[in-house]
Amino acid sequence: MSALAAQGLRQRTDYTHKFNTRAGRHGWLRLTPAYSVKIVEALISRHGRPRRILDPFCGTATTALSAAYHGHEGVSTDINPFLVWLGSVKLARYPRSVLASTRAAGARVLDAVGRGAVEPVETPPIHNIERWWPATALTFLCMLKSGIEQESEKPSPERDLLLVAFCRTLIGLSNAAFNHQSMSFKDASQLSIPFGGDMEQRFRDDLQLVLEGAHNNPKGTGQIVFGDARNLTQVIDGPFDLIVTSPPYANRMSYIRELRPYMYWLDFLDSGRHAGELDWSAIGGTWGVATSRLIRWEMPNGSCVHPLLVDSLSKIAHDDNKNGLLLSKYVAKYFNDIRDHIVSLLPLVKQGSELHYIVGNSTFYGVLLSVEKIYAAIFEDLGFEEVQCSAIRKRNSKKELFEFDVSARWPG
Ligand SMILES: C[S@@+](CC[C@H](N)C(=O)[O-])C[C@H]1O[C@@H](n2cnc3c(N)ncnc32)[C@H](O)[C@@H]1O
């Protein structure tokens, strides 16, 4: 039994994205690598007076939204334009008049769809789209999207809220199953796609849920900025009093892969190549074209592999491991990027400020990668103090996989 399992750490669904589904705006759309709002609230609520809180890896904006609900200023960056849009919609303040006009617009859209008074938009260029949606659902979604566009041609809060509801509906009507870390497809035997009026009712319910969340406006403020966490000073200004984040894990999870249905429907993606390019721009991306780029990737001149990694990299790259060399490059690049990110953070942290990085460890070909220890070593190398790794939960049934809070304090 591992030392951590022996400490009695267990899998906790309240510490995963599943907890967020019942938490108002946090539950609007699911992203499986989102962390639990409960973890974030525990870290944020320790700080009484209003502060500037940064999350450089925004995802679904869990940190920025929690910060704003607690009356702080939440600032977040992400390299994915869809998540920047979604986070901004989640953080906006909605007066009652906007809620009423959105409700009315939603009713007009459904009425027009029901009467067949809209010209369906073209189906998005998603590979094997018929695996995602049965023909009836696809037709309904094309009409619904067209109805929303017709109702609100220009960007507006009403259009944003309708589109969030549309995203919920499109994923609800899809064959996508979220029964493990990432997305797969349900068996045909598991499908229960409603028809006609039921699909309309689903959109009505989704819009209702979105409007209920929108009704609860945050006290504080928030801002989501498009940008690369390896070049933070190019896009945001410090100083920040607290940093709470969950960076991409070193586990080859592709956010684009999971987000692609929303991104294609909302015109944030137009081809598989585009998806691969976006994944390559993200830390830890290895999807599509990102894989072939990774094969050619070399450690930049002047940078070096962290001593804690050397042994793991050579074990992963062993000839017996089919894609060992590729994966050892993946891990080397991942930590090179994370170091660049932390270096770019330094000018933005206030003296004495605290950082919390929620990270999971990984295994490659049976080699345990103690991701948390490498983060801790990078923080120490760069001058942070009080660096600690606290295990939070067991990640899944694999006995050696855990999630940690790697915390540190900037001197001062
Ligand atoms: C683990 S997810 C964050 C989840 C988030 N805590 C939440 O609750 O939804 C990591 C995020 O980092 C983003 N990301 C990856 N590389 C990035 C980069 N270079 N700069 C900024 N964001 C990046 C991904 O798009 C993804 O949204």
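Residues numbered from 1 in each chain as written. Predicted model: local features only at pLDDT ≥ 70, side-chain atom pairs only at ≥ 80, totals over all residues.

A. Here's a closer look at the overall build of the chain. The number of helices and strands found in the chain is 15 helices and 11 strands. With 412 residues in all, the chain has 45% of them scored as buried. Restricting the contact set of the chain to residue pairs at least 6 apart, pairs at least 24 apart contribute 70%. (Helix = DSSP H or I, 4+ residues; strand = E, 2+ residues; numbered from the N terminus. Buried ≥ 20, exposed ≤ 12 C-beta atoms within 10 Å, placed from the backbone. Contact = placed C-beta atoms within 7 Å.)

B. Molecular detail of unusual backbone geometry. Look at the link from glycine 238 to proline 239: it is a cis peptide, with omega at -5°. Relative to the helices and strands, proline 239 resides in the loop between β5 (221-226) and β6 (240-245). Backbone geometry at alanine 61 places phi at a positive 70°, although glycine is not the residue there. Within the secondary structure, alanine 61 sits in the loop between β1 (52-55) and α3 (62-69). Classification of alanine 61 as buried rests on a count of 29 C-beta atoms within 10 Å. Positioned with a positive phi, aspartate 267 is a non-glycine residue whose angle comes to about 65°.

C. Quick peek at the packing of helix α14 (residues 324-345) against helix α15 (residues 371-381). Two elements in contact, α14 and α15, have axes whose closest approach is 11 Å; the angle formed by their N-to-C orientations is 40°. Here α14 lies oblique to α15, going by the angle between them. The chirality of how α14 crosses α15 is right-handed. Of α15, the residues touching α14 (which contributes Phe335, Ile338, Arg339 and Ile342) are Ile374, Ile378 and Phe379. When its residues are assigned to classes, the contact of α14 with α15 shows six nonpolar, no polar and one charged. (Axes fitted to C-alpha atoms, helices over the stretch in contact; angles between N-to-C directions. Parallel < 35°, antiparallel > 145°, perpendicular 65-115°, else oblique. Left-handed = near helix turned anticlockwise from the far one by under 90°. Nonpolar A, V, L, I, M, F, W, Y, C, P; charged D, E, K, R; others polar.)

D. Expanded view of the site of the ligand. Of all residues adjacent to the ligand, which total 23 residues, the nearest are Ala34, Phe57, Gly59, Thr60 and Thr62. The residue inventory of the shell around the ligand, partitioned by class, reads 14 nonpolar, six polar and three charged. (Near = placed C-beta within 6 Å.)

E. View of α3. The buried fraction of α3 is high, at eight of eight residues. Three or more residues of α3 are buried, namely Thr62, Thr63, Ala64, Leu65, Ser66, Ala67, Ala68 and Tyr69. Contact partners of the buried residues in α3: α2 (37-44), β1, β2 (73-78), α4 (81-91), β5 and β6. Backbone geometry just downstream of α3 places glycine 71 in the positive-phi region, at approximately 85°.

That is the geometry; function is a separate question.
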